[in-house]
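# Reading the structure
So the chains spell out like this:
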Amino acid sequence: MRWELDPSPSPWKVFLAYSLFVALALLLLGLLFRLYGVSPLKAYGLLLSPLGDSLGLAEVGRRTIPLLLIGAGLALAFRVGFFNIGAEGQLLMGAVGGTYVALFLPPGPWTLPLMFLLGGGLGAVWSGLAAWLRVRFGANEILTTLMQNYLVYYLVVYLVAGPWKGQMVFGFLYTDRFPPEAQLPRLGDTLVHWPTLLLGIAAALGLQLLLFRTPLGFEWRVLGENPEAARYLGLKGGRLILLAALLSGFLAGLAGVGEVAGIHLRLLEPAQISLGYGFTAILVAWLARGRPLWALFTAPLLGLILAGGDALKLALSMPFRVVDVVAGLLLLSLIGAEALSQRRLVWRR
Amino acid sequence: MRRILGLLLLALGLAWAQGDKLKACFIYVGPIGDAGWTYAHDQGRKKAEAALPWLETRYVESVPEAQALPVIDRFVREGCQVIFATSFGYMEAVLEGAKKYPNVIFAHATGVKRAPNVATYMADFYQVYYLNGLAAGALSKTGKVGYVAAFPIPEVKRHINAFTLGVRAVNPKAQVLVRWINAWYDPAKAREATEALLAQGADVFAFTEDTPTVIQTAAKKGAYSFGHYTPMLKFAPDHVVSGQIVHWDVIYIDFLKKVKEGVYTAKNLQNVDYFWLLQHKAVEMGADYGVPINPKHVPLLQKAEMTVGGKKVSVYDRIMSLLKDMQSPKPTFDPFTGPIQDRKGVVRIPAGKKATLQELLTMEWAAPGVVGDWPGEPK
Amino acid sequence: MEEALVRAVLFGTPMLLASLGALLSERGGVVNLGVEGMMALSALAAFAAALEAGPVWGVLCGVGVGSLLGLFLGVFAVFLRANQFVAGLALAALGLGASGLLGKRYEGTPLPDPLPEGVLAGLALILALGLHLLLSRTRYGLYLRSVGENPKAADLFGVSVDGVRYLALALGGGMIGLAGAYLSLAYRPSWTDGMTSGLGWVAIALVILAGWQPLRAVLGAYFFGLLFFLQFRLQGSVPIPSEAFAAMPYLLVILVLALSGRARAPKALGQPFDRGR
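Values in this document were obtained by computation on a predicted structure and should not be read as measured data.

## Describing the environment of Gly-290 of chain B
All names here are of chain B. Examined against the element boundaries, Gly-290 turns out to sit in the loop between β12 (283-285) and α10 (298-303). Owing to 9 C-beta atoms within 10 Å, Gly-290 belongs among the exposed residues under this scheme. For Gly-290 and Thr-307, which are 17 residues apart along the polypeptide, the C-alpha to C-alpha distance reads 28 Å.

## A look at the sheet that holds strand β4 (residues 105-109) of chain B
Residue and element names in this part refer to chain B. If you walk across this open sheet you meet the 6 strands as β2-β1-β3-β4-β5-β11, and the pairing is parallel. Across the chains shown, the open sheet's two edge strands, defined by having one partner strand only, are β2 (55-60) and β11 (273-276). Averaged over all adjacent pairs, the angle separating strand axes in this sheet is 20°, with direction ignored. Sheet analysis places strand β1 (residues 22-27) next to strand β3 (residues 82-85), joined by 4 bridges and oriented parallel. Bridge pairing links Ile-27 to Ala-85 in β3.

## Here's the deal with the interface of chain B and chain A
Contact with chain B, which involves 27 residues of that partner, is made by 20 residues of chain A. Contributions of two or more residues to the side of chain B that touches chain A are made by β2 and α3 (68-77) of chain B. Of the residues forming the side of chain B that touches chain A, the biggest block, 5 residues, is contributed by α3 of chain B. When grouped by side-chain class, the residues that make up the side of chain B that touches chain A number 16 nonpolar, 5 polar and 6 charged.

## Digging into the interface of chain C and chain A
Contacts between chain C and chain A engage 40 residues on the former and 36 residues on the latter. Along the lines of polarity and charge, the residues of the side of chain C that touches chain A split into 27 nonpolar, 5 polar and 8 charged.

## Notes on helix α12 (residues 277-287) of chain A
Residues and elements named next belong to chain A. Counting buried positions along α12 gives 10 out of 11 residues, so the element sits mostly inside the fold. Turning to α12, its buried residues are Tyr-277, Gly-278, Thr-280, Ala-281, Ile-282, Leu-283, Val-284, Ala-285, Trp-286 and Leu-287. Arg-289 sits one or two positions beyond α12 and adopts a positive phi of about 50°.

## With respect to the environment of Val-86 of chain C
In this structure, Val-86 of chain C sits in helix α4 (residues 84-102). It is 19 Å that separates the C-alpha atoms of Val-86 of chain C and Ile-176 of chain C, two residues lying 90 residues apart in sequence. Beyond its immediate stretch of four places on either side in the chain, Val-86 of chain C contacts Trp-286, Leu-331 and Ile-335 of chain A.

## Considerations on the packing of α12 of chain A against helix α13 (residues 295-316) of chain A
Residue and element names in this part refer to chain A. In contact at an axis separation of 8 Å, α12 and α13 are set at 140° when each is read in the N-to-C sense. Taken together, the axes of α12 and α13 are oblique relative to one another. Note that α12 runs across α13; the crossing there is right-handed. Facing Thr-280, Leu-283, Val-284, Ala-285 and Leu-287 of α12, the residues of α13 in contact are Ala-295, Thr-298, Ala-299 and Leu-302.

## Concerning the pairing of strand β6 (residues 144-149) of chain B
All names here are of chain B. In terms of burial, β6 is largely enclosed, as 5 of its 6 residues are buried. Examined bridge by bridge, β6 and strand β7 (residues 175-180) share 6 bridges and lie parallel to one another. By the bridge assignment for β7, Lys-144 is matched with Gln-175. On the question of chirality, the crossover connecting β6 to the parallel β7 by way of helix α6 (residues 154-170) is right-handed. With 4 bridges connecting them, β6 and strand β8 (residues 204-207) associate as parallel partners. Bridging from a neighbouring strand, Gly-146 pairs with Phe-205 of β8.

## Considering the sheet that holds β6 of chain B
Residues and elements named next belong to chain B. With mixed pairing, the 7 strands of this open sheet are ordered in space as β12-β10-β9-β8-β6-β7-β17. Single-partner strands in this sheet number two, and they are β12 and β17 (370-371). In this sheet, strand β10 (residues 240-246) lies alongside strand β9 (residues 224-229) in parallel orientation, the contact comprising 5 bridges. Looking at β10, one finds that His-228 is bridged to Gln-244.

## Comments concerning the nonpolar core
For soluble globular proteins, the rule of thumb is that nonpolar side chains tend to be buried together. Counting 371 residues, the largest nonpolar core has Ile-70 of chain A, Ile-27, Ile-83, Ala-135 and Tyr-147 of chain B together with Ala-205 and Leu-206 of chain C as its most contacted members. Of all the elements, helix α8 (residues 161-187) of chain C adds the most residues to this core, at 17 residues. Two domains each donate at least three residues to this core, and these are domain 1 (21-113 + 248-280) and domain 2 (126-245 + 283-371) of chain B. When sequence neighbours within four positions are dropped, the list of residues in contact with Ala-205 of chain C reads Leu-143, Leu-146 and Met-147 of chain A together with Val-253 of chain C.

## What about unusual backbone geometry?
All names here are of chain B. For the bond from Gly-338 to Pro-339, the omega torsion is 0°, close enough to zero to count as cis. Topologically, Pro-339 is positioned in the loop between α11 (315-327) and β15 (340-341). The backbone phi angle of Ser-62 is positive, close to 50°, even though this residue is not glycine. With respect to the helices, strands and loops of the structure, Ser-62 is situated in the loop between β2 and α3.

## Focus: α13 of chain A
Note on helix geometry: an α-helix contains 3.6 residues per turn, so any two residues three or four positions apart are oriented the same way. All names here are of chain A. Here α13 spans 31 Å end to end across 22 residues, near enough to the 32 Å set by a 1.5 Å rise per residue. Of all 22 residues in α13, 17 are buried; the element is thus mostly enclosed. A positive backbone phi angle near 50° is found at Ser-317, which sits one or two residues after α13.

## Some words on the packing of helix α6 (residues 141-161) of chain A against helix α9 (residues 199-209) of chain C
Running from N to C, α6 of chain A and α9 of chain C point in directions that differ by 140°, and their axes come no closer than 9 Å. Taken together, the axes of α6 of chain A and α9 of chain C are oblique relative to one another. As α6 of chain A packs across α9 of chain C, the resulting crossing turns out to be left-handed. Facing α6 of chain A, whose interface residues are Ile-142, Leu-143, Leu-146 and Met-147 of chain A, α9 of chain C presents Trp-201, Ala-205, Ile-208 and Leu-209 of chain C.

What counts and what doesn't
Residues numbered from 1 in each chain as written. Chains lettered and ligands numbered in written order. Predicted model: local features only at pLDDT ≥ 70, side-chain atom pairs only at ≥ 80, totals over all residues. Helix = DSSP H or I, 4+ residues; strand = E, 2+ residues; numbered from the N terminus. Buried ≥ 20, exposed ≤ 12 C-beta atoms within 10 Å, placed from the backbone. Pairing = 2+ DSSP bridges. Axes fitted to C-alpha atoms, helices over the stretch in contact; angles between N-to-C directions. Contact = placed C-beta atoms within 7 Å. Nonpolar A, V, L, I, M, F, W, Y, C, P; charged D, E, K, R; others polar. Parallel < 35°, antiparallel > 145°, perpendicular 65-115°, else oblique. Left-handed = near helix turned anticlockwise from the far one by under 90°. Right-handed = clockwise from strand over helix to strand, strands pointing away. Core = buried A, V, L, I, M, F, W, Y, C linked by C-beta atoms within 7 Å. Domains from an automatic or database assignment. Expected span 1.5 Å × (residues − 1).

Structure representation (C-alpha cells):
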C-alpha cells in the first residue's frame, strides 16, 4: 500500500477531500468552542454573521481592500519565485509616502493621486531593494524582506514620536489630521474607502492579463515554474524578479496609502495601520494559486474569516486569539485537503 | 381601597426597583492579560459589576483603532446604553459615534474632547510617582535610579518628571536614567533595557510597561523596584518597595451611579471630566492593596533623612505625611509647584504657581536629573 | 563589556535553540515556519507543568510538546505532502492562538522557583555542538543531509525519506520546545500571551543567516542578542534616536547577509517528496 501522486484527480475526489478536511476542521473548532463553554453552532453562526447585515459586510469590505491589493501583487511575486514577506513594511512605506504628500505639500485636487503615486513608489523601492540584494548578492529575500519590516516599523515610530508629531494631538503618537483633499471618500457611513477598492480590482485584473496574455507574463511563468529552463532560454532572471518585486511592492504601498487616507486620516503607530494585512495577504495569494484574478475571491474570503473572528470576540467576549485559532485550523484543513486530493492510495500486491 | 392602592404602590415600587438593567460596554485596546492598562480597566469593570446589582457589562478586547467605530455600532445595536472607550486613540471614533447615536452615553478614557453625550476620565499617578521618587532617592546607594519607559507621550513624561522631582528632593545629586522601549507590552525589551540600566549602575527601578518583567529582572540582581499599575508585590516580595495602583472601579462606579440616577444624561456631559487623583481614591500608593510601603523597607526609609524647609526629617515620615495630605479632601501639596526648571534650565513652572491641568496634559519637558534620550523635548 | 557578552548569550539562547530546531528539519528538506507558535505552546506547557510539579518537569513537558508539534507538522509536510510553507504559517497561528486561549488561567502567576538561565544556555551550546557532530559525523546526519539535497537518490539507496524527516521534525521540535521552556521558566518566569515576542520569526531568519550550519547559528544568535542588548545600553549615550537603535539589529542582519555571499540552502528544501515523480 502506497501513497503516490495522482496526476489527474477526478473532481469528485477533490470535492470529497475538501469536504472531509473542512468537516474535520469544523469538528476541532467545535470542540474548542465547547471547551470554552460556547455552543459550536452558535459560534459557526457568528463566524458567518458578517454576511448577514450591512454592518458586517462593511467590515468584510474594509478588510478586503488591502488584502486584495497586496494579495494580487503577492500572487504574482510568488508565482515568479520572489517570496515577498515584506508586504507589511511596504504597506507602511506607502503610508509614510502618502502622509508626506498630505501634510507637507500644498493640498489640491492633485493630492490624492500624488499620495498614491509616492506611496506606491516608496513601497516599490522598498521591495525592489530586497530584489536587488538577492540578484546582486544572493541574499535570500525571505530574510531581507522580513528584516525590512522591522526597519520600517521603527521609522514610523520615529516619525510620529518626533519630527511628524502633530500639533493638536496632546503629545500622543499621531500626526495631525489630513486635510480634506487628502481624505478618501467612503461608502455611506462605513469605513469602506471605495477608490482603493477599485484600484485593487484593477490590479487583480491587470496582473492577471499581464501574467497570462503578455510575453512578459510568459517569461515570468517560465521563470517561476522552471528556473533552469528559463536560464536555458536566455531569460534575464534578475530583471524579471526585480520587476515582479517592484510591482508587488507598489501595490502594497497603495494599500498603505488607502489605510491612512481612507481609514485613519493620519499617520499613527505602525501596529495600528498594518494590522497584519501583509501576512494575511500571503494566505490570500496562496489560496489564489498563483492567479491574481482569484484574489478577487480569496481576499473577501479571508476578510470574512477575520471579520467573523471579530464577531465571535464581540458577541461572546472571547479573547482575540480565537481569530488565530480559527484561521490556523481552516488553513491546515485547506492544505490537507489539497494534498489529499492530489494523491491516491495505491494497493500493491 | 387602601389595600388596592397599597398593592399598586408595591407593584410600582417593585417594577421601579427592579428597573431596567443598565448595560455598560467596554472597548479595550489590548488583551486583558495579567497586568497593565487593560487588565486594570477590566478589574474596574468587574468590581463595578459586583458592586452595582443593576449593572450588566460587556467588553471586547484588543480592538484596533480602525475598528472602534464598527464596534461602537455593534454595541449600540446590542443595547449598550453606556460605552467606555479605554484609549486616547479611540477619540475620533467616539466623537463620530456620539454624533450618530445621540442617546447613548460615551466616556472616553484619557480623552480631551467632550460633547453633550461624551465625558472624559482619567486616573493619574503623578502624585504617587513623586512619593515613590522620595523612597527611591532614599534607597539608592549609587544615586542612579532606572526608569524603563514605553512611549514618549505626556502622560509618561509627567510621571517620570514627578518621580525625578521626588528622587532629587531626597538626593539632589541623583540621576534618573531613562530608557525607551517604544512598546506598551514587550517583556523581552523590558528585560534587556533593565539589564542595560543595571549595567550602568542603577539600583532602584520604576517603569511604564504592561508586565512585571522589570521587577523580576531587577530583583535578580538585588535591585529595588516599584510596581506599576497593578499590585506587583508578589513578583518580588523582598524587592518591591511600593508602587502605583489604579482603581478604575472608583470612577466607573461613580459615573454609572450618576447615570442610573439621572444626574448624567446624554445631554449634559459637555463639562464632565474626571482627572482623579489620590484624594478621590482613584489611585493608591502601594506595593499591594493596602500596603503603602513594603514593611521590609520601612526601617530603611525611617533611617534615611532629607531636608525639608531647612529642617531634617525622616524620608518615611515625609512620604506618609504628604500621602495623608494628598489623600485628604483638600490637599495642599502638589509635586508640580513652582519654581521648577526643566533640565535645560528653562523655567517651566514659575515660583508660587502650581501646574495647570493643561500644562500637566501637554508636558513635554524633562525635569533636572533625567538622563537619556527624550524625544520631543522642547528647545 | 562583559555584561554585554553575558546578555548576548542569555538573550540569544532561546533564539539559538529555536533556530537549531528549525535548522535540523530544514537540513532534511522540511521548512518549518511554525516556530513562533510551537515556542508559544511549549512555553505554556512548560510553565503549567512547572507550576504543578517543578521546573524539571516543566522542561520535559516543554520539550515533549515541542516534539509533538514537530510531528504534527510532519503529518502535513511529510505524510500528506502538503505545502510546507503554509502549513508552517498555519501552525504558527494555531500555536499562538491556542496558547493564548488556554493560557488565560495562568496569567498573573509568578513562578515560585525559576530555572537558572546559565544551565539552559550551556545546554544550548552543547546542543549546537552536538547537532554539528550529528550532521557531519553520524550516519543519521548523512541520511538527513542526503534527504535534504536529493531525496530521490536517498530513496534509491534505501533510506526512508519519510522516517528521516519525521525524526528530524521530532528532534527539532524538541529543541524549539526547549526554547519556549527557557522563556517561561528562566528568562521571564511567568506566562503571558504573546511572550514569545516574535523571537520565533527571528530564529527562522537566523537559520538562513547561519547558512544552515549549527555552529554559525551560535554566532548569529549571540550576535543578534548582543545587538538587541546594545540598543538599550547605548541609548542616550549616543545622539541617535532610540528607534534607530531598536532597528539596528535587523539592519545589521541584512548587511551581514549581503556581505556573506550566497546562502546555500538544502536543494530539496520545501519540496514534498513524492516517489515516482
